[in-house]
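Notes for the structure review
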Amino acid sequence: MSLADLTLDQWRSFDPSTARRLAQEAAGLVYGRVTAVETVEHLGGPLHRVRIERDGQEFALVPGGPVTLGFDLEAWRPTPEQIADYNESVEQGFGYGPDLRAHLAEVLSPRRGAVLPTVLMAVEDEDLDEDLTELPADVPAALAARGLRIPSSDEWEHACGAGADTLFRWGNDCPLDRIPYGDRTGPHEQPNAFGLRIAYDTYRAELTSDATAIHGGDGGESVCGGYGNLLAWLPLATANRNPSMVEFVYGPEGDGVSDGCSVRPVLTLR
């Protein structure tokens, strides 16, 4: 079995010594070095976190295989506080629908299955600056010159949620007494289960290979327009495709504008 075919379920079944051996194998494939192997608690069981440094950049091992993505709106039950907060937003003229469930149906990807390869994904996203050029269409070529590629939308969602079926990577709830921007104590400030710093800042809008999805943030729109606290947190939801940001970047008025966008490079394992 090649490392690219490693599944998340298999990865969770390994003991620490096997995980470390496979981490060393992955590092060798990309001419990198292992900087950390640790085991954390995730979804009621152990999960190994691996970090590999390559050319001064740190990557996390993200096991793939058959995965379930998107958000199951039928099974989800909002709290009374979430409903009340959204209703206040509607009264102020914000939101995509008359109720919270209708709003989420517009912004979240549907429940679905996918089969993904195991990859190394950058721990930190990168700004689209002079190193990555300025237009989204130029990003794949700029990354390829460094031996990297842009993640697919499915890969991004899986890497963020790490198998969790909750609204956010940390659970179904978020603090409703404040917005995420400027909050250094909220759950978004913690690394995710794979050790990625991901879905942590609504001003960070991460591109993928799918031009219908931008993940991890909405360029700060929701936190500077008086939208309400829940709507300020929702751009960080794992399955949020941030359609307003997609329209801004890829729509006719956006003209390929990438200001405020970033990308999370991927190293393919063969």
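Please refer to the structure placed before this passage.
Residues numbered from 1 in each chain as written. Predicted model: local features only at pLDDT ≥ 70, side-chain atom pairs only at ≥ 80, totals over all residues. Heavy atoms only, no water.

1. Details of unusual backbone geometry
Trans is the common state for peptide bonds, and a negative phi is the common state for residues other than glycine. Notably, Y31 is not glycine yet its phi reads approximately 60°, a positive angle. Along the chain, the position of Y31 falls in the loop between helix 2 (16-29) and strand 1 (33-42). Positioned with a positive phi, A199 is a non-glycine residue whose angle comes to about 50°. Tracing the chain through its elements places A199 in the loop between helix 6 (153-161) and strand 8 (205-207). (Helix = DSSP H or I, 4+ residues; strand = E, 2+ residues; numbered from the N terminus.)

2. Comments concerning the sheet that holds strand 6 (residues 119-122)
The sheet built from five strands is open, its strands ordered 1-2-3-6-11 with antiparallel pairing. Both outer strands of the open sheet, strand 1 and strand 11 (266-268), are each paired with one neighbouring strand and no more. In this sheet, adjacent strand axes meet at a mean angle of 30° when their direction is disregarded. Where strand 1 meets strand 2 (residues 45-54), nine bridges bridge the pair, whose relative direction is antiparallel. Opposite V34, over in strand 2, you have I52 as the bridge partner. Along the sheet face, helix 2 touches strand 1 and strand 2 and points at about 140° away from the line of strand 1. Here helix 6 sits on the sheet and contacts strand 1, strand 3 (57-62) and strand 6; the angle it forms with strand 6, its principal contact strand, is near 80°. (Pairing = 2+ DSSP bridges. Axes fitted to C-alpha atoms, helices over the stretch in contact; angles between N-to-C directions. Contact = heavy atoms within 4.5 Å.)

3. Quick look at the environment of Q24
Position of Q24 among the secondary structure elements: in helix 2. Counting along the chain gives 13 residues from Q24 to V37, while the straight-line C-alpha distance between them is 9.9 Å.

4. Quick notes on the packing of aromatic side chains
Throughout the structure, instances matching the rule amount to six aromatic pairs. Judged by centre distance (6.0 Å) and plane angle (65°), the rings of F71 and W76 are edge-to-face. Across the pair, W76 and F71 agree in class, each one buried. Linked through ring pairs, F168, W170 and W233 together constitute an aromatic cluster. (Phe/Tyr/Trp six-rings, centres within 6.5 Å; stacked < 30°, edge-to-face > 60°. Buried < 20%, exposed > 50% of the residue type's maximum accessible area, 1.4 Å probe, protein only.)

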